Amino acid sequence: MTVNLNKGQGISLEKKDGGVLSAVRMGLGWQAAPRRGLFGSRTREIDLDASAVLFADKQPVDVVFFRHLVSDDGSVRHTGDNLVGGAGQGGDDESVLVDLQRVPVHIDQIVFTVNSFTGQTFQEVQNAFCRLVDETNGQELARYTLDGGGQYTAQIMAKVHRADGGWRMTALGTPANGRTFQDLMPSILPHL
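In this text the structure is predicted, and so the values were computed from the model without any measurement. (Residues numbered from 1 in each chain as written. Predicted model: local features only at pLDDT ≥ 70, side-chain atom pairs only at ≥ 80, totals over all residues. Heavy atoms only, no water.)

### Let's talk about the overall build of the chain
Right, so step 1: On a plain count of helices and strands, the chain comes out with 1 helix and 14 strands.
Right, so step 2: The proportion of buried residues among the 192 residues of the chain is 53%.
Right, so step 3: Pairs at least 24 apart in sequence give 69% of the contacts found in the chain among residues at least 6 apart. (Helix = DSSP H or I, 4+ residues; strand = E, 2+ residues; numbered from the N terminus. Buried < 20%, exposed > 50% of the residue type's maximum accessible area, 1.4 Å probe, protein only. Contact = heavy atoms within 4.5 Å.)

### Considerations on the pattern of salt bridges
Right, so step 1: By the definition in use, this model includes 4 salt bridges.
Right, so step 2: In this structure, R25 engages D92 in a salt bridge whose closest nitrogen and oxygen atoms are separated by 2.6 Å. You can see R25 sitting in strand 3 (residues 23-32) and its partner D92 sitting in the loop between strand 8 (76-78) and strand 9 (94-99), a full 67 residues away along the chain.
Right, so step 3: Overlapping salt bridges bring together R25, D92, R131, E135 and E140 as one network. (Salt bridge = Lys/Arg side-chain N within 4 Å of Asp/Glu carboxyl O.)

### What about the pairing of strand 7 (residues 59-64)?
Right, so step 1: Pairing of strand 6 (residues 48-56) with strand 7, which is carried by 5 bridges, proceeds in the antiparallel orientation. Its bridge partner being in strand 7, F55 is matched across the sheet by P60.
Right, so step 2: With antiparallel pairing between neighbouring strands as the criterion, strand 6 and strand 7 make up a hairpin whose turn holds 2 residues, including D57 at a positive phi of roughly 50 degrees. (Pairing = 2+ DSSP bridges.)

### Some thoughts on the packing of aromatic side chains
Right, so step 1: All chains considered together, the criterion is met by 3 aromatic pairs.
Right, so step 2: Pairing F65 with F66 gives two aromatic rings, centres 5.5 Å apart and planes at 80 degrees, and the pair type is edge-to-face.
Right, so step 3: Overall, F65 belongs to the buried group, its relative accessible area being 13%.
Right, so step 4: Plain terms: the ring middles of F66 and F117 are 5.4 Å apart, the flat faces sit at 75 degrees to each other, and that makes the pair edge-to-face. Placement of the pair is F66 in the loop between strand 7 and strand 8 and F117 in the loop between strand 10 (109-116) and strand 11 (125-134), with a sequence separation of 51 residues.
Right, so step 5: On the accessibility criterion, F117 (23% relative accessible area) is partly exposed.
Right, so step 6: Through successive ring pairs, a cluster of aromatic residues spans F65, F66, F117 and F181.
Right, so step 7: The positively charged end of R179 is found above the aromatic ring belonging to F117, 5.4 Å away from the centroid. (Phe/Tyr/Trp six-rings, centres within 6.5 Å; stacked < 30°, edge-to-face > 60°. Lys NZ or Arg CZ within 6 Å of the ring centre and 35° of its normal.)

### Details of unusual backbone geometry
Right, so step 1: For D57, which is not a glycine, the phi torsion comes out positive at approximately 50 degrees.
Right, so step 2: Tracing the backbone through its elements, the reader meets D57 in the loop between strand 6 and strand 7.
Right, so step 3: Although it is not a glycine, K58 adopts a positive phi angle of roughly 65 degrees.
Right, so step 4: Locating K58 in the fold gives a position in the loop between strand 6 and strand 7.
Right, so step 5: Owing to a relative accessible area of 49%, K58 belongs among the partly exposed residues under this scheme.

### What to know about the environment of A128
Right, so step 1: Structurally, the position occupied by A128 is in strand 11.
Right, so step 2: Given a relative accessible area of 4%, A128 falls into the buried group.
Right, so step 3: Expressed as a C-alpha distance, the spacing of A128 and D92, which sit 36 residues apart in the sequence, is 10.0 Å.

### Some points on the pairing of strand 13 (residues 154-163)
Right, so step 1: Of all 10 residues in strand 13, 8 are buried, a share of seventy percent or more.
Right, so step 2: Across 7 bridges, strand 10 lies against strand 13 in antiparallel orientation. If you follow I110 over to strand 13, its bridge partner there is V160.
Right, so step 3: Pairing analysis gives 9 bridges linking strand 13 to strand 14 (residues 166-176), with the strands arranged antiparallel. What sits directly across from Q155, in strand 14, is P175.
Right, so step 4: Here strand 13 folds back onto strand 14 in antiparallel fashion, the turn holding 2 residues, of which D164 has a positive phi close to 50 degrees.

Here it is as structure tokens:
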């Protein structure tokens, strides 16, 4: 059963049977919003990029994004860059896979971001979401709808963090500006 998250809401990543999730996928989907013009409506391709920044004691130690598809320790993997989006209604346009059992013990938080590499604002995006899926069985665990319509080019989507001997996910949904994850670091730090 999917939990629809609100900004700031968190869920435990423990299974109902008391087991622990071993692998999760953070999926990102979006569509370009139609724009009305003199000759009807049209859409423009939008290149959103998902990234995962790995932190140890509030310090960034690794990142997974379209130019570095696998974390140095191999526990986090990006499935590849989608330059135009289009799923937006349920399928993932970009995904980041996290093998929770392989994440080194010193990594205590993984922050997921989305940014418009081509610089369009979220006013030009519709049906954008991030979702957390149990990678072992494909079950969607949580979904966070990314609010569109803002004059910003990025969002700090969510974080997966260690808590009480397990993992939790917290929806963040913080608007930011930047074309790459590096541009977003000042906006990420308050959420650690």
